[in-house]
Amino acid sequence: MGARTTKAVYVQRKGQGFELLDYTVQQAPVYEKNFSTELFSEHLKTVSQALGLKTKQVVLMPGVADSLLRHAEVPMVPIADMRLMLKYNSKNYLQQDLPDYVFDCYVLPPRPGSASTELVKNQKCRVLVSAARKQFLDNLQEATKNAGLVTDQITPSLIGTANAFEMAQPEAFAKEVVALVDIGFKNSTITILLHGELSLSRVVGLGGDKLTSGLAEAMSINYAEAEIVKVGMAEEAQSMMMGLLMPLGRELRASIDFFEKQEDRTVSQVFVSGGSACSQFIIETLQSELMVPCKSWSPLSFLDLALPPQQMGTVEQLAPQLAAATGGAIAAL
Ligand SMILES: Nc1ncnc2c1ncn2[C@@H]1O[C@H](COP(=O)(O)OP(=O)(O)OP(=O)(O)O)[C@@H](O)[C@H]1O
Ligand SMILES: [Mg+2]
């Protein structure tokens, strides 16, 4: 569920593996002010029709505009108690008042080292916390029901991307320190995986929208024209694009610096997803800003493609956008 586009995959088990039956990228509904259950329900119907769905089970993956992901240190208690503890003391554990939110936790295994031993001694543990507004979750579930579907899971898209990466690049996931960067529409995200542990995640309020509107302004053209220039990456626009990508590069580099200093480890590669990852020029520019090898990646490499013939042509090009959706499906299966 992106701010600009909805990405969906239709996956089924096949023997020991998984099969991609279909996928779709659809323009997201434009809500007047708040999320509209009716609009989203109609949208889900469109998406399920495009996929030719024969199942009712769906996994919904809200983007960073509607979900939070944080690390926290909490007392070692059953997950159900942890959720309540976070609900009533979010300020204490997450340094932020989050009334009306619902929480979920994943306990991170202790890392070898003195800090972890200390934590265990104090009956505490490190957890990954996800949260979303209760009202939003209720609306999502109602919309899903009205579309004739059943909500199997609701997972933050950041988790989906990391899960897809684990399946698509198991070696790098388990053995390396890598950053997953998703360049979205309004927001971009960076997640750092340390030998398979999601150890940092940040949201940067810059994405493809800023690039297009920046080009429009600099070239005195309208937004739609600027979008064409951006996707075509005409030579005369390249230096402008480099300038527009600089703030994003700087923010991402700052997160990598922070992580590298704190953990005393070096990020070896950056894997880029999201709409802008379709542009080789954007990836190369980011690489020169970050000074770490950057590449786009396909979350589909571990799936058997059983797509309708007309979908085969574009799948390779669109694959970097399907990371979160693919990870969500796989985790549920
Ligand atoms: N080939 C391309 N070259 C450059 N930019 C592209 C290309 N294809 C798509 N984009 C850009 O990708 C952006 C949309 O990306 P994406 O679909 O990942 O966003 P989203 O997931 O809807 O947003 P968010 O993650 O912020 O919620 C648009 O700004 C679009 O211009
Ligand atoms: Mg997105």
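For the structure itself, consult the block above.
Presented here is a report on the structure given in the accompanying data block. Keep in mind the model is a prediction, meaning the values are calculated, not measured.

A few words on the overall build of the protein. Summing up its helical and strand segments, the protein has 13 helices and 13 strands in all. Radius of gyration (C-alpha) of the protein: 20 Å, near the 20 Å computed for a compact globule of 333 residues. Taken along its principal axes, the extent of the C-alpha atoms in the protein is 60 × 50 × 45 Å. Across the protein, every contact between residues at least 6 apart in sequence was considered, and the portion connecting residues at least 24 apart equals 66%.

This part covers the packing of helix H8 (residues 208–219) against helix H10 (residues 238–263). If you want to describe how two helices pack, look at the angle between their axes and the distance between the axes. Taken N-terminus to C-terminus, the directions of H8 and H10 make an angle of 130°; their axes are 10 Å apart at the nearest point. As far as their axial angle goes, H10 and H8 are oblique. Relative to H10, H8 is oriented so that their crossing is right-handed. Of the residues in H10, those in contact with Lys 210, Leu 211, Gly 214, Leu 215 and Ala 218 of H8 are Met 240, Met 241 and Leu 244.

This part covers the site of ligand 1. For ligand 1, the set of nearby residues contains 25 residues, the closest of which are Gly 2, Gly 184, Phe 185, Gly 208 and Gly 275. Contributions of two or more residues to the shell around ligand 1 are made by H8 and helix H9 (223–232). Grouping the constituent residues of the shell around ligand 1 by class yields seven nonpolar, 13 polar and five charged.

This next bit is on the sheet that holds strand S2 (residues 17–27). Strands sit in the order S1-S2-S13 across an open sheet of three strands; the sheet is mixed. Among the strands making up the open sheet, the edge pair consists of strand S1 (5–14) and strand S13 (304–305). As paired elements, S2 and S13 share two bridges and run parallel to each other. What sits directly across from Glu 19, in S13, is Asp 304. Running over the sheet, helix H1 (residues 37–51) touches S1 and S2 and is turned about 130° from S2.

Once that is clear, we can look at unusual backbone geometry. In this structure, His 195 is a non-glycine residue whose phi angle is positive, near 45°. With respect to the helices and strands, the residue His 195 is situated in the loop between strand S9 (188–194) and strand S10 (197–204).

Core analysis: the largest hydrophobic core is formed by 85 residues, its most contacted members being Val 9, Val 11 and Ala 179. Broken down by element, the residue count for this core peaks at seven residues, all from H10. Counting residues domain by domain, this core receives three or more from each of domain 1 (68–135) and domain 2 (170–296). If sequence neighbours within four positions are ignored, Ala 179 has contacts with Ile 190, Thr 191, Ile 192, Ile 256, Val 267 and Val 270.

Moving on, we come to the sheet that holds strand S12 (residues 294–296). As summarised here, the arrangement of the five strands in space is S10-S9-S8-S11-S12, forming an open sheet in which the pairing is mixed. Each edge of the sheet is formed by a strand with only one pairing partner; in this case those strands are S10 and S12. Shown here is a sheet whose adjacent strand axes are inclined to one another by a mean of 20°, direction ignored. Summarising the sheet, strand S8 (residues 177–183) and S9 pair through seven bridges and their orientation is antiparallel. Looking at S9, one finds that Ile 183 is bridged to Ser 188.

In the contact formed by H10 and helix H11 (residues 280–290), the axes pass within 8 Å of each other and the chain directions differ by 50°. In terms of orientation, H10 and H11 fall into the oblique class. Read as a crossing pair, H10 and H11 show a hand that is right-handed. Side by side, H10 and H11 meet where Gln 238, Met 241, Met 242, Leu 245, Met 246, Gly 249, Leu 252, Arg 253 and Ile 256 of the first sit next to Phe 281, Ile 282, Thr 285, Leu 286, Glu 289 and Leu 290 of the second. In terms of residue class, the contact of H10 with H11 is made up of 10 nonpolar, three polar and two charged.

Basis of the calculations
Residues numbered from 1 in each chain as written. Chains lettered and ligands numbered in written order. Predicted model: local features only at pLDDT ≥ 70, side-chain atom pairs only at ≥ 80, totals over all residues. Helix = DSSP H or I, 4+ residues; strand = E, 2+ residues; numbered from the N terminus. Rg over C-alpha atoms; globule rule 2.2 N^0.38 Å. Contact = placed C-beta atoms within 7 Å. Axes fitted to C-alpha atoms, helices over the stretch in contact; angles between N-to-C directions. Parallel < 35°, antiparallel > 145°, perpendicular 65-115°, else oblique. Left-handed = near helix turned anticlockwise from the far one by under 90°. Near = placed C-beta within 6 Å. Nonpolar A, V, L, I, M, F, W, Y, C, P; charged D, E, K, R; others polar. Pairing = 2+ DSSP bridges. Core = buried A, V, L, I, M, F, W, Y, C linked by C-beta atoms within 7 Å. Buried ≥ 20, exposed ≤ 12 C-beta atoms within 10 Å, placed from the backbone. Domains from an automatic or database assignment.

Take it as geometry only, folks, not as evidence of what the structure does.
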